[in-house]
Amino acid sequence: RNSHLATIANFLSEWKGPDKGFARVLSRENLSVLLSNRCLDPALLTKQVFDQCAGAMIMSATLQPLSMYADILGLPNAVQKSFPSPFPEQNRLALIVPKTTTKFSLRNEQQYKEIATICANVAQIIPGCVMIFFPSYSLRDAVASYFAEKYDKRIFYEKPGMQKEEKQKLLDMFSSQTKLGAVLLGVAAGSFGEGIDLPGILKGVIVVGLPLERPDLETTQLISYYDAAFGKGWEYGYTLPAMNKCIQNAGRCIRSEKDRGVLVFLDERY
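Residues numbered from 1 in each chain as written. Predicted model: local features only at pLDDT ≥ 70, side-chain atom pairs only at ≥ 80, totals over all residues. Heavy atoms only, no water.

## Focus on the overall build of the chain
A count of helical and extended segments in the chain gives 8 helices and 8 strands. Counting all 270 residues of the chain, 39% fall into the buried class. Partitioning the contacts of the chain with sequence separation of at least 6, the portion at a separation of at least 24 is 71%. Taken as a whole, the chain presents about 16,400 Å² of accessible surface, with 55% of it coming from carbon and sulfur. With 31 positive and 27 negative side-chain charges, the chain shows a separation of 3 Å between the mean positions of the two kinds. (Helix = DSSP H or I, 4+ residues; strand = E, 2+ residues; numbered from the N terminus. Buried < 20%, exposed > 50% of the residue type's maximum accessible area, 1.4 Å probe, protein only. Contact = heavy atoms within 4.5 Å. Areas by Shrake-Rupley, 256 points an atom, 1.4 Å probe, with all protein chains shown as cover. Lys, Arg positive; Asp, Glu negative; His and termini not counted. Charge placed at Lys NZ, Arg CZ, Asp CG, Glu CD.)

Next comes the structure, spelled out in structure tokens:
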């Protein structure tokens, strides 16, 4: 039987570490008391590595805005450069649908029905497989039953905590519906929101709402930390990370210069 004592010992040792750049959180969930120790500032680790390098090149399709990543990685003198996508722009139809919202204070059954209707209408038109990403599983499930009433092709559901074999099996079944068309209902920060390539299969992505973090203790600490460090707490700790998730989700569709697809961002806040 595996023992977790070493992991627990390491956690308790780090609990006594430095205060600056870390947030220690005690919370209660039912009868359990949960302890977490979150590093708020990745530069505390990355800056040491980069300072020992003669040079470093950092690349990603989602390092936007560049100035934010230079700040949070501890690279104040970084040379920043962005390049246009090499993929033909005419192969991509990007749409903003400024209707509905997933804003917490405005969530209700009517919103869920309207989100389901718009998603079903769009997914029906797109010839092929479509992924729809929601901010959370709870919101996805609130919309899913209404969506199923309006969408007449096969529907697949991402599950939380899926193992590698489960994920691959689900993708294989989803991919087998290329000719008939199908939808996979997923979550922005879940298993399929990034790192998935389905060339020639995925023809559309719908990003529903903004995957903003819950304003819990850790998030508010992160906002406060970046506000004190750079005067950009809400941008660095809340808004821009959510927008990057949206871009990563949308990026599942166009993976090569030959791919053609539709990207839809559904929320009045876009």
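## Observations regarding the side chain of Asn91
Inspection of the secondary structure assignment puts Asn91 in the loop between helix H3 (66-72) and strand E3 (92-97). Assessed through its relative accessible area of 13%, Asn91 is described here as buried. Among the polar contacts listed, one links the side chain of Asn91 to the backbone oxygen of Glu257, at a separation of 3.1 Å. If near-sequence neighbours (up to four positions away) are discounted, Asn91 is found in contact with Ile254, Glu257, Lys258, Asp259, Arg260 and Gly261. (Polar contact = N/O pair within 3.5 Å; in protein donor to acceptor, adjacent residues only side chain to side chain.)

## Quick word on helix H5 (residues 137-150)
End to end, H5 covers 20 Å across 14 residues, agreeing with the expected 20 Å (1.5 Å per residue, within 8%). Within H5, the axis deviates most sharply at Ala144, by approximately 35°. Listing the buried residues of H5 in full gives Leu139, Arg140, Val143, Ala144, Tyr146 and Phe147. For H5, the secondary structure elements touched by its buried residues are helix H4 (109-125), strand E4 (129-134), strand E5 (154-157) and strand E6 (182-187). (Expected span 1.5 Å × (residues − 1). Bend = angle between axes of the 7 residues up to and from the residue.)

## Quick notes on H4
Between its first and last C-alpha, H4 extends 25 Å over 17 residues, near the 24 Å set by a 1.5 Å rise per residue. Listing the buried residues of H4 in full gives Gln111, Tyr112, Ile115, Ala116, Ile118, Cys119, Ala120, Val122 and Ala123. Elements in contact with the buried residues of H4: E3, E4, H5, E6, strand E7 (202-208) and strand E8 (261-266). At the N-terminal boundary of H4, the capping side chain belongs to Asn108, with an oxygen 3.0 Å from the backbone nitrogen of Gln110.

## A word on the environment of Glu213
Note on placement: Glu213 falls in the loop between E7 and helix H7 (217-230). Residue Glu213 is classed as partly exposed on the basis of its relative accessible area of 42%. Remark: the alpha-carbon pair of Glu213 and Ala242, spanning 29 residues in sequence, is separated by 7.5 Å. Residues contacting Glu213, with those up to four places away along its chain left out, are Thr219, Tyr238 and Lys245. A distance of 3.0 Å separates a polar atom in the side chain of Glu213 from a polar atom in the side chain of Lys245.

## Here's the deal with the pattern of salt bridges
Here the idea is simple: oppositely charged side chains can pair when their charged atoms come close. With the rule as written, the count across this model stands at 7 salt bridges. Across the pair Asp197 and Arg255 runs a salt bridge whose closest N-O atoms are separated by 2.4 Å. Taken together, the residues Asp197 in the loop between E6 and E7 and Arg255 in the loop between helix H8 (233-250) and E8 connect sequence positions 58 residues apart. (Salt bridge = Lys/Arg side-chain N within 4 Å of Asp/Glu carboxyl O.)

## Points about the pairing of E7
Across the 7 residues that make up E7, a large majority, 6, are buried. Bridging between E4 and E7 involves 5 bridges; their strand directions are parallel. The residue of E7 that forms the bridge with Phe133 is Val207. Of the pairings in the sheet, the one linking E7 to E8 comprises 5 bridges and is parallel in character. Residue pairing across strands places Val207 opposite Phe265, the latter belonging to E8. (Pairing = 2+ DSSP bridges.)

## Brief notes about the side chain of Asn244
With respect to the helices, strands and loops of the structure, Asn244 is situated in helix H8. Not counting residues within four places of it along the chain, the set of residues in contact with Asn244 comprises Thr62, Gln64, Met68 and Tyr69.

## Let's talk about the sheet that holds E3
Strand order in the open sheet made by the 6 strands is E3-E8-E7-E4-E6-E5, with parallel pairing throughout. The sheet is open, and its two edges are formed by E3 and E5, each paired on a single side. Strand after strand, the sheet turns through a mean of 15° between neighbouring axes, direction not considered. The sheet contacts of H4 involve E3, E4, E6, E7 and E8, and relative to E7 the element is tilted by about 165°. (Axes fitted to C-alpha atoms, helices over the stretch in contact; angles between N-to-C directions.)

## So, the packing of H4 against H5
Where H4 contacts H5, the two axes come as close as 8 Å, and the packing angle between them is 55°. Relative to H5, the element H4 lies oblique. For the crossing formed where H4 meets H5, the hand is right-handed. Contacts from Glu109, Tyr112, Lys113, Ile115, Ala116, Thr117, Cys119, Ala120 and Gln124 in H4 reach Leu139, Ala142, Val143, Tyr146, Phe147 and Lys150 in H5. Its residues assigned to classes, the contact of H4 with H5 comprises 10 nonpolar, 2 polar and 3 charged. (Parallel < 35°, antiparallel > 145°, perpendicular 65-115°, else oblique. Left-handed = near helix turned anticlockwise from the far one by under 90°. Nonpolar A, V, L, I, M, F, W, Y, C, P; charged D, E, K, R; others polar.)

Scope: geometric values only; no functional claims are made or implied.
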